[in-house]
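For reference, the chains in residue letters:
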Amino acid sequence: MEVKTSLLDNMIGVGDMVLLEPLTEDSFLENLKKRFDHNEIYTYIGSVVISLNPYRSLPIYTPDKVEEYRNRNFYELSPHIYALADEAYRSLRDQDKDQCILITGESGAGKTEASKLVMSYVAAVCGKGQEVNKVKEQLLQSNPVLEAFGNAKTVRNDNSSRFGKYMDIEFDFKGDPLGGVISNYLLEKSRVVKQPRGERNFHIFYQLLSGASDDTLKKLKLERDFSKYNYLSLDSATVSGLDDAANFRTVRNAMQIVGFMEDEMQSVLELVAAVLKLGNIEFKPESRCNGMDESRIKDKNDLKEMCELLGIEQSVLERAFSYRTVEAKMEKVSTTLNVAQAYYARDALAKNLYSRLFSWLVTRINESIKAQAKTRHKVMGVLDIYGFEIFEEGDNSFEQFIINYCNEKLQQIFIELTLREEQEEYIREGIEWTNIEYFNNAVICGLIENNQNGILAMLDEECLRPGTVTDETFLDKLNTICADHQHFESRLSKNSKFLNDHSLPHNCFRIQHYAGKVLYRVEGFVDKNNDLLYRDLSQAMYKANHSLIKQLFPEGNPVKVNLKRPPTAGFQIKASVGTLMSNLQTKNPNYIRCIKPNDKKASHIFNESLVCHQARYLGLMENVRVRRAGYAFRQAYEPCLERYKMLCKNTWPHWKGPARQGVEVLMTNLQVPAEEYSYGRSKIFIRNPRTLFFLEEKRKQCLEDLATLIQKIYRGWKCRSHFLLLKKSQIVVASWYRRYAQQKKYQKIKHSTTVVQSYTRGWQARKLLRELKYQKKCEEAVTTIAAFWHGTQVRREYRKFFRANAGKKIYNFTIQRIMQKYFLGLKSKLPSMSPIDKTWPARPYSFLDGVHAELRRIFHLWRCKKYRSQFTEEKKAVYEEKLEASELFKDKKALYPSSVRQPFKGDYLEISKNPKYQKLSSAVDEKILLADVVNKINRANGKGSPRLFLLTKKNVVLADQKTGQLKANVPLTDLASVSTSSQTDGFFALKLKEGSASAIKGDFLLSSDHLIEMITKLHRISSMAADREKLNIDILDEFLVQFKQDKVCVKFIQGSPKNGNSVSCKRKNNRLLEVSVPASS
Ligand SMILES: Nc1ncnc2c1ncn2[C@@H]1O[C@H](COP(=O)(O)OP(=O)(O)OP(=O)(O)O)[C@@H](O)[C@H]1O
Ligand SMILES: [Mg+2]
């Protein structure tokens, strides 16, 4: 679908001045400035393009841009020169209308650039093909050639066109270019011999000297140094940003493309060189005998070289510089030339030579680019004329006068055609026309070109008048004739208004052009209009042996001497401008109004007063007013409906009927007041920009709503597509998953089947195997039974032949052998004779277990017997005592283990030997079995007092330790029992039988270091006596002791640590003695 855009989209400022609201000069300038600041150099006034010179290259001329603007309607895109070119080209191609592009503006405003842009756009969009491309290339390449010869650096413009150019490009019915015709208008030839300060001669001179090879320069007899040539101004010989040498190559290349032959190019360069040489010819005065001054050439070298270049005989030219021949009615009068006249002749020749060369170049280019086919063709004319020019300080001369005249004419045609076009459109569309006031410059054109009293007519009259004619006489004439003209001002005119105007010098006149007042200096007007070249010089040129020169000076042919004066320059230009204007009027005009934003050739500077001045004289505001007088905006029904149809339900989204009806419905629906618009035949006309902006605003709102709608639908669509995709994906995933699951299930079933199958098979196989094995076993059993049976049979049969008892014997023998070996082995490994040695060798066979243990026991018993047999009677008694002690106390009293190691000495006191106890021993009378010191415990305080303790077979005797005096003699038969504790103490109580003689004094509580030995011995003696009962030994930690009448309890407790290791006895009360015994570790 084609995207419809509009100039109104994304506008910076207002793209079309017609829509400017409010329309004032300030808002007009502000809009231009705003757009210029945003690099929008193009703005429309209806179909007119205003172009501001950006003075820098902008990226808006790319091939992409060409494509963008191609085949698009004028108001569809933002303003651009391409839109105008496209519009012109399409209406030429499609509607068969000849077009002209009129580019106006002052010097440096960008006309030439604009014309080139138009041409390049048309070349880019028109047909293609080898032949067509060649034509295009030739048309485009004619520009650099003409610019080199016709453009120069001026103070206003580094590449100022110093001639007017109108180019007709011819197209066939398809719109393919066929060729072109160029017309040139009045080259500013005075520049060849003299340039204003800060300006240069035509580019070609500098290009030739900088860019030509040494060889070429040598052939042309030139030197590279600019300063060698009088005609070249030196103050701005090189221009920054202008590469003359490179441009020379471009020009040569362009000439080649256009179709110049090599020799033609050489001839052109020879002529350029000749002009430079000509400038170097200098004259000196020489007095003749008749008193007249004559001129002589100072240095003939330059003359010689020039003649050589052009193939002219030196003497002929020399003479032509010295004499002037005037012919009148068969009479020839020859007069000598003075120095001034000689210089005048030289310069006139140079100017003529160059301007004729330029015209020849144009003709030659035309020959090349001329359309070949004779068929009817369509034409697009591009007019690039030198811009309106005003020099300061009244330095304007004849050339400026002509240039400004041309611009005046162009302005007039612009006014006429714009108004006419507007009027025609209203008539065409059937809309009522309202008249508009505007300034018509026809009156100024009349002042210049009127055949009776126009300035040009008067100049011609003055030039043709016999008698003395000078610039002053011409001014006088003007003063008389034009005095009353409202646009003519002169000091000496009859109009007293200017008598005291000191800004108006006497030798000047001033014209109020449409673009401002211009002060012209009359000096040179007559001469330049006459444009005289002495016949001698043209004849000398004609005689040249140089084909091009000969062509350029046809009037020098003596055969065709024409005595009529050649037409004046003014006349010529008036005629050619006239032709041009009538030519333009037959075509459909397209306007490009170029504006210079500043005087400094600088980018980004917008000088408001300068732009304002240009906008004023170009009549841009009038242009807008005219355009808006009736209706500010118009648009064909189709695009209008297309743009605004969304504003009404009936027209949106599709309108079935004709576009006009659609628009009518739309406007009614929108309730736009009826006076605000009119319906033309093909267009709707909107009176006020406000109404358009109202529509635009509505459209913008609607677009936002539509955008939301589109967004909504798009989002819905996106979600739905996403959902569908998800659904589709889900189906795919599900199917894959199902497939996968089924596969898995199948594999599982397959696997299970295989397992079941294998189990079944296994079971079957095993069953078979079992059967087979059973079968085999049966077979083997049968075989074995059979074998045994056979064996039995055989053995039964052969038993009588066997040694029946061999087995038993062998067995016995083997057993004996084993036993023998066992005993021998045991003998050698017997343990030591110590009864406590517990070792015993291991038995070799388990069946010997019982024997082995028995042998061990026997061996031990034997070993003990052996050991015992070594004992003496005493030792034996000692051991028996020890044994008894063990039986009595082992594991019962904690004191026992410490007694095992103590030998039972018995008589510790060696009493029989001690004289102290002799008396005692004799009193005892019996054998003393034990004598020791004991402590008798005192009942009152628990303390012990030492006593001698003696034991005999019948008695226990207690005696004083010191004296040996007998204290008590207790017959063993009186003893009832002995009590002792289970602890490590040495306390014991000898308890007496109640009623015995000894019992009167009570029991004895004693303590001894040899308690175990004493009690053992007591027990042994009592047990050995056959008449006595066994003595009871009580081992208790609490027992009663009879002290005389009282029974006292002796209690043994585990001693506290402060008691240390000693046993202490304390009386607790009358009935309790507490013995604290250290705890056994
Ligand atoms: N569209 C443009 N883009 C970039 N530069 C431009 C453009 N138009 C003009 N210029 C610059 O301005 C200079 C002057 O432009 P141009 O020669 O077209 O002026 P002109 O109107 O033809 O002047 P004259 O009347 O003196 O011939 C150019 O050399 C170029 O540097
Ligand atoms: Mg130009």
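Details of the structure are given in the entry above.
## Some remarks on the overall build of the chain
Stage number 1. The helix and strand inventory of the chain stands at 32 helices and 31 strands.
Stage number 2. A compact globule built from 1081 residues should have a C-alpha radius of gyration of about 31 Å, whereas the chain, at 78 Å, is more than 25% larger.
Stage number 3. With the C-alpha coordinates aligned to their principal axes, the bounding extent of the chain is approximately 225 × 105 × 80 Å.
Stage number 4. A total of 1081 residues make up the chain; the buried ones form 48% of that total.
Stage number 5. Counting only contacts in the chain whose residues sit at least 6 apart along the sequence, the fraction spanning at least 24 positions is 64%.

## Thoughts on the site of ligand 1
Stage number 1. The immediate surroundings of ligand 1 are formed by 18 residues, with S107, G108, K111, T112 and S160 found nearest.
Stage number 2. Coverage of ligand 1 by the protein chains reaches 86% of its 620 Å² of free accessible surface.
Stage number 3. Elements represented by at least two residues in the shell around ligand 1 include exactly α4 (111–125) and β5 (160–161).
Stage number 4. Per-element tally for the shell around ligand 1: the top contributor is α4, with three residues.
Stage number 5. Grouping the amino acids of the shell around ligand 1 by side-chain chemistry returns four nonpolar, ten polar and four charged.

## Quick notes on helix α13 (residues 339–369)
Stage number 1. End to end, α13 covers 45 Å across 31 residues, agreeing with the expected 45 Å (1.5 Å per residue, within 8%).
Stage number 2. Most of α13 is tucked away, with 23 of its 31 residues classed as buried.

## Some words on the nonpolar core
One broad trend across soluble globular proteins is that nonpolar side chains are buried collectively.
Stage number 1. Within the largest apolar cluster, 215 residues are counted, with the highest numbers of intra-cluster contacts made by F28, F149, F205, L317, F321 and F509.
Stage number 2. If one sorts the elements of this core by residue count, α13 sits on top with 15 residues.
Stage number 3. Of all hydrophobic cores here, the second largest spans 30 residues; its members include L895, V934, L958 and L1006.

## A few points about the sheet that holds strand β28 (residues 1038–1043)
Stage number 1. One open sheet holds the four strands; their spatial order is β28-β29-β31-β30, and the pairing between them is mixed. If you trace the sheet from one side to the other, it starts and ends with β28 and β30 (1064–1069), each paired once. Strand after strand, the sheet turns through a mean of 30° between neighbouring axes, direction not considered.
Stage number 2. Examined bridge by bridge, β28 and strand β29 (residues 1046–1054) share six bridges and lie antiparallel to one another. Of the residues in β29, the one forming a bridge with F1039 is V1050.

## Considering helix α25 (residues 659–669)
Stage number 1. Those residues of α25 lying buried are A659, G662, V663, L666 and M667. Seen from one end, α25 has its buried residues packed into an arc of 130°, which puts them on one side.
Stage number 2. In the core, the buried residues of α25 are packed alongside α24 (637–644), β18 (677–679), β19 (683–686) and α26 (689–798).
Stage number 3. In the stretch just after α25, Q671 is the one whose phi turns positive, near 55°.

## Observations regarding the coordination of the magnesium ion (ligand 2)
Stage number 1. Note on the magnesium ion (ligand 2): its protein donors are T112 (OG1) and S161 (OG). The metal-donor distances range over 1.8 to 2.1 Å. On the criterion of sequence distance, the pair formed by T112 in helix α4 and S161 in strand β5 is long-range, its members being 49 residues apart. Neither residue differs from the other here; T112 and S161 are each classed as buried.

## Quick notes on the side chain of D244
Stage number 1. Position of D244 among the secondary structure elements: in helix α9 (residues 244–258).
Stage number 2. At 3.1 Å, the side chain of D244 and the side chain of R200 are in polar contact.

## Things to note about unusual backbone geometry
Stage number 1. The omega torsion across E21 and P22 is -5°, close enough to zero to call that bond cis.
Stage number 2. Among the secondary structure elements, P22 is positioned in the segment before α1 (25–37).
Stage number 3. With an omega dihedral of 0°, the bond running from W652 to P653 counts as a cis peptide bond.
Stage number 4. Locating P653 in the fold gives a position in the loop between α24 and α25.
Stage number 5. Its identity is not glycine, yet N39 carries a phi of approximately 65°, on the positive side.
Stage number 6. With respect to the helices, strands and loops of the structure, N39 is situated in the loop between α1 and β1 (42–45).

## Considering the sheet that holds strand β24 (residues 975–980)
Stage number 1. The strand order across the open sheet formed by eight strands is β23-β22-β21-β20-β26-β25-β24-β27, and the pairing between neighbours is mixed. With one partner strand each, in any of the chains shown, β23 (966–971) and β27 (1032–1035) form the two edges of the open sheet. Within this sheet the neighbouring strands show an average axis-to-axis angle of 30°, counted without direction.
Stage number 2. In this sheet, strand β26 (residues 1004–1007) lies alongside strand β25 (residues 987–992) in antiparallel orientation, the contact comprising four bridges. Of the residues in β26, the one forming a bridge with A989 is L1005.

## Focus: the packing of aromatic side chains
Stage number 1. Taken as a whole and judged by the stated rule, the model has 34 aromatic pairs.
Stage number 2. With a centroid separation of 5.4 Å and an interplanar angle of 70°, the aromatic rings of Y867 and F871 are classed as edge-to-face.
Stage number 3. Above the plane of the ring of F260 lies R364, whose end atom (NZ or CZ) is 5.2 Å from the centre.

Procedures and definitions
Residues numbered from 1 in each chain as written. Chains lettered and ligands numbered in written order. Predicted model: local features only at pLDDT ≥ 70, side-chain atom pairs only at ≥ 80, totals over all residues. Heavy atoms only, no water. Helix = DSSP H or I, 4+ residues; strand = E, 2+ residues; numbered from the N terminus. Rg over C-alpha atoms; globule rule 2.2 N^0.38 Å. Buried < 20%, exposed > 50% of the residue type's maximum accessible area, 1.4 Å probe, protein only. Contact = heavy atoms within 4.5 Å. Near = heavy atom within 4 Å. Areas by Shrake-Rupley, 256 points an atom, 1.4 Å probe, with all protein chains shown as cover. Nonpolar A, V, L, I, M, F, W, Y, C, P; charged D, E, K, R; others polar. Expected span 1.5 Å × (residues − 1). Core = buried A, V, L, I, M, F, W, Y, C linked by side-chain atoms within 4.5 Å. Pairing = 2+ DSSP bridges. Axes fitted to C-alpha atoms, helices over the stretch in contact; angles between N-to-C directions. Arc of directions from axis to C-beta. Donors = N, O, S within 2.8 Å, 3.2 Å for Na, K, Ca; no water. Polar contact = N/O pair within 3.5 Å; in protein donor to acceptor, adjacent residues only side chain to side chain. Phe/Tyr/Trp six-rings, centres within 6.5 Å; stacked < 30°, edge-to-face > 60°. Lys NZ or Arg CZ within 6 Å of the ring centre and 35° of its normal.

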